[in-house]
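# Report on the structure
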Amino acid sequence: MRQVNFPKRQREILKSVGKLAKKLGYSAYLVGGPVRDLLLGRTSQDIDIVCIGDAVKLAKKFREKVGGKLLSHHHFPNATVKWEEGKIDFVTARSEKYPKRKVGLPAVEKTDDIMIDLGRRDFTINAVACNLLPEYFGDIIDPFNGLGDSEKRLIRILHSRSFREDPTRIFRAIRFRLELEFNLEKDTEKYLKHDIKYLTKLTHDRLWKEFEICLEDGSSILSLFKYYGILDVLGFNCPDENFKERVDIGSVQFGVNSVNTYILALAENRNPKSLNFDKSFTRQMGYVREIDNKRLVDVRIVHELFNLEDYTLLYLFGKYPNNSIIIENFFDNRDELVCDLNGKEIRELGVEEGPLVGEIMNKIIEKKWLGKITSREDEIEFVVKYVGEENDT
Ligand code: CTP
């Protein structure tokens with residue numbers, strides 16, 4: 001029987017989970033991503049355990065042994081143990097029944113059969129379990145020939161309704177294709193293309209969560225989204241190659257995560273209200289719409305740039321290559337773009353109390369932005385001159 005080669009410490013941890021499960025009269029299996037990755041010779045930090053029995057009880061016993069924190073969800077007995085060495089998710093084995101006519105979350109029931117739990121999963125390569133009970137430790141259970149597909153480097157759904165029942169699997173299939181350098185099995189690809197339309201049934205929250213996960217590894221996945229027609233069906237814009245190249249460069253240069261930058265670009269032609277973004281992101285979308293090449297070269301833009309999140313600045317950097325130096329300067333110098341003189345000091349130089357004080361402060365920041373004011377003395381000189389000119393008129 002095929003066995004998994006665990007790294008030494010992981011093996012010890014999993015053996016102790018198996019022993020605890022046995023004491024409770026349960027079975028325990030390592031499942032899904034970690035088995036897939038170990039069989040592919042990739043290291044996996046994730047540990048997902050399926051328990052035939054009560055996963056929360058097993059997790060509690062494990063926590064008693066290793067310490068750390070236990071987080072449990074009792075509506076369905078699942079739990080996570082986080083301790084100094086890592087994290088393990090304990091899940092009670094379950095069956096899932098999807099609603100017949102609409103896309104939605106499945107009805108979930110406990111099961112005593114690991115085969116049923118494996119049968120509810122997305123792809124054959126993720127439907128492989130590894131027994132953790134002491135007498136069977138390391139034995140592989142592979143009812144859908146996930147190992148064969150893994151050797152052939154194929155992503156294959158377990159049944160024809162898979163994408164329709166859970167359209168997030170469309171994103172997962174494409175993500176694994178890229179990440180693992182696998183191909184989509186012929187029928188799987190056929191169903192994926194056919195069922196793309198079901199993506200429109202996902203709530204925006206689920207949609208953005210999937211986009212975020214997919215974009216976490218960079219923008220190359222966008223070309224595959226375009227190829228499969230995902231962006232068209234969802235009415236999203238496809239950022240061009242120039243934009244992607246510049247954003248990827250800027251992301252490294254400024255140390256900014258580009259996930260939200262790409263989401264801004266995908267949604268740039270859409271009404272944010274219809275996409276259920278949170279308030280802060282909706283505000284950023286609004287700012288982006290107000291700024292173009294012409295506005296960027298206006299010195300007063302500096303005050304607006306302070307309202308922008310780093311991912312939005314990165315968007316402008318990618319979108320307006322002719323003026324990207326402005327964004328670059330802002331990233332480099334924004335910490336110095338403050339007025340050294342405070343309101344009281346400005347008034348003491350002869351400015352009347354009121355909105356003019358704020359206006360002068362803004363002007364000082366603009367001059368600093370242009371490099372025309374570089375010291376506190378320059379600021380004082382500017383205010384004195386300003387007051388003098390006001391008095392002359
Ligand atoms: N799963 C599924 N359908 C989904 C999401 C998950 O069948 N839409 C199953 C798969 O068997 C998967 C397991 O649940 O292996 C765990 O899901 P998750 O942790 O999200 O993904 P992993 O496969 O572990 O991969 P990764 O961590 O790389 O996303």
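Here, residues in each chain are numbered from 1, in the same order as that chain's written sequence. pLDDT decides what is reported in this predicted model: residues at 70 or higher carry local features, side-chain atom pairs at 80 or more are listed and counted, and totals for whole chains, interfaces and linings draw on all residues regardless.

## Some thoughts on helix H18 (residues 324-333)
We count it as follows: To sort residues by exposure, count the other C-beta atoms lying within 10 Å of each residue's C-beta; 20 or more gives buried, 12 or fewer gives exposed, and values between give partly exposed, all with C-beta atoms placed from the backbone. Helix and strand labels come from DSSP, where a helix needs a run of H or I of at least four residues and a strand needs a run of E of at least two; each type is numbered from the N terminus. What the arc covers is the set of directions going from the helix axis to the C-beta atoms. The contact criterion used here is simple: two residues whose C-beta atoms, placed from the backbone, lie within 7 Å are in contact.
Considered for burial, the residues of H18 that qualify are Ile-326, Ile-327 and Phe-330. Buried residues of H18, viewed axially, fall in a sector of 95°; they line one side. Set apart from the buried face of H18 by more than 90 degrees, the exposed residues are Ile-325 and Asp-332. Looking at the packing, one finds that the buried side of H18 touches helix H15 (293-296), helix H16 (301-305) and helix H17 (310-319).

## Considerations on the nonpolar core
The nonpolar side chains of a soluble globular protein tend to be buried, and buried together. The condition that has to hold: The nonpolar core criterion groups buried Ala, Val, Leu, Ile, Met, Phe, Trp, Tyr and Cys residues into a set whenever they are joined through C-beta atoms within 7 Å.
Ranked by internal contacts, the top residues of the largest apolar core, which has 92 residues, are Tyr-29, Ile-49, Cys-51, Leu-58 and Ala-129. What Tyr-29 contacts, discounting residues up to four positions off in sequence, is Ile-49, Val-50, Ile-114, Ala-129, Cys-130, Asn-131 and Leu-132.

## Some details on the site of the ligand
Selection criterion: Residues are counted as near a molecule or strand when the C-beta atom, derived from backbone positions, lies within 6 Å of that molecule or strand. Amino acids outside the nonpolar list (Ala, Val, Leu, Ile, Met, Phe, Trp, Tyr, Cys, Pro) and the charged list (Asp, Glu, Lys, Arg) are all regarded as polar, and Gly is one of them.
Within the structure, the ligand sits among Gly-32, Gly-33, Asp-46, Asp-48, Arg-121, Asp-122, Asn-126, Asp-166, Thr-168, Arg-169 and Arg-172. Ranked by residues supplied to the shell around the ligand, first place goes to helix H7 (residues 168-180) with three residues. Here the shell around the ligand is composed, by residue class, of no nonpolar, four polar and seven charged.

## Section: the packing of helix H1 (residues 8-23) against helix H3 (residues 55-66)
Inclusion rule: The convention used is that axes are lines fitted to C-alpha atoms, helices contributing only their stretch in contact, and that angles between N-to-C directions extend from 0 to 180 degrees. Convention used here: angles under 35 degrees read as roughly parallel, angles over 145 as roughly antiparallel, angles from 65 to 115 as roughly perpendicular, and any remaining angle as oblique. Two helices crossing with the near one rotated counterclockwise from the far one by less than a right angle form a left-handed crossing, whereas a clockwise rotation gives a right-handed crossing.
It is at 10 Å that the axes of H1 and H3 come closest, and there the two elements cross at 125°. Looking at the two axes, H1 sits oblique to H3. As for the relative orientation of H1 and H3, their crossing is right-handed in sense. Of the residues in H3, those in contact with Ser-16, Val-17, Leu-20 and Ala-21 of H1 are Leu-58, Lys-61, Phe-62 and Lys-65. For the contact of H1 with H3, the residue count by class is five nonpolar, one polar and two charged.

## A word on the domain arrangement of the protein
Applied cut-off: An automatic or database domain assignment supplies the residue ranges for each domain.
Domain assignment breaks the protein into domain 1 (8-152) and domain 2 (343-392). Here the C-alpha centre of domain 2 lies 66 Å away from the C-alpha centre of domain 1.

## As for the environment of Ile-364
Note on placement: Ile-364 falls in helix H20 (residues 355-369). The residues contacting Ile-364, other than those within four sequence positions of it, are Cys-339, Ile-373, Glu-379 and Phe-382.

## Points about unusual backbone geometry
Positive phi outside glycine occurs at Arg-153, with the angle close to 55°. In this structure, Arg-153 sits in the loop between helix H5 (146-151) and strand S10 (154-155). Residue Arg-153 is classed as partly exposed on the basis of its 13 C-beta neighbours within 10 Å. Although it is not a glycine, Glu-181 adopts a positive phi angle of roughly 55°. Checked against the element boundaries, Glu-181 lands in the loop between H7 and strand S11 (183-184).

## Quick look at the packing of helix H9 (residues 204-215) against helix H13 (residues 259-266)
It is the contact of H9 with H13, at a shortest axis distance of 9 Å, that shows an interaxial angle of 125°. Classified by the interaxial angle, the pair formed by H9 and H13 is oblique. In this structure, the crossing between H9 and H13 has a hand that is right-handed. Contacts from Trp-208, Phe-211, Glu-212 and Leu-215 of H9 reach H13 at Val-259, Tyr-262 and Ile-263. In the contact of H9 with H13, the residues fall into six nonpolar, no polar and one charged.

## So, the pairing of strand S1 (residues 27-31)
Let me state the cut-off plainly: One bridge is not enough; two strands pair if DSSP finds at least two bridges between them.
The element S1 is extensively covered by neighbouring structure, given that five of its five residues are classed as buried. Taking every second residue as pointing to the same face, both faces of S1 are buried, with Ser-27, Tyr-29 and Val-31 on one and Ala-28 and Leu-30 on the other. By the bridge criterion, four bridges tie S1 to strand S2 (residues 48-52) in an arrangement that is antiparallel. Bridge pairing in S2 places Ser-27 opposite Ile-52. Direction of pairing for S1 relative to strand S8 (residues 129-131): antiparallel, over a ladder of three bridges. Bridged to Leu-30 within S8 is Cys-130.

## Quick look at the sheet that holds S8
Hydrogen bonds between backbone atoms are what pair the strands of a sheet, whose relative direction is either parallel or antiparallel. Ordered in space as S3-S4-S5-S2-S1-S8-S9, the seven strands form an open sheet in which the pairing is mixed. On the outer flanks of this sheet lie strand S3 (69-73) and strand S9 (140-141), each paired with one strand and no other. Contacts from H1 reach S1 and S2 within the one sheet, and its direction differs from that of S1 by about 150°. Strands in contact with H3 are S1, S2, S3, strand S4 (78-83) and strand S5 (86-92); relative to S4, the strand with the most contacts, it is inclined by about 10°.

## A few points about the pairing of S3
Little of S3 is tucked away, with zero of its five residues classed as buried. Here S3 pairs with S4 via five bridges, running antiparallel. Bridged to Ser-72 within S4 is Ala-79. Taking the residues that link successive antiparallel strands as the turn, the S3-S4 hairpin has four residues.

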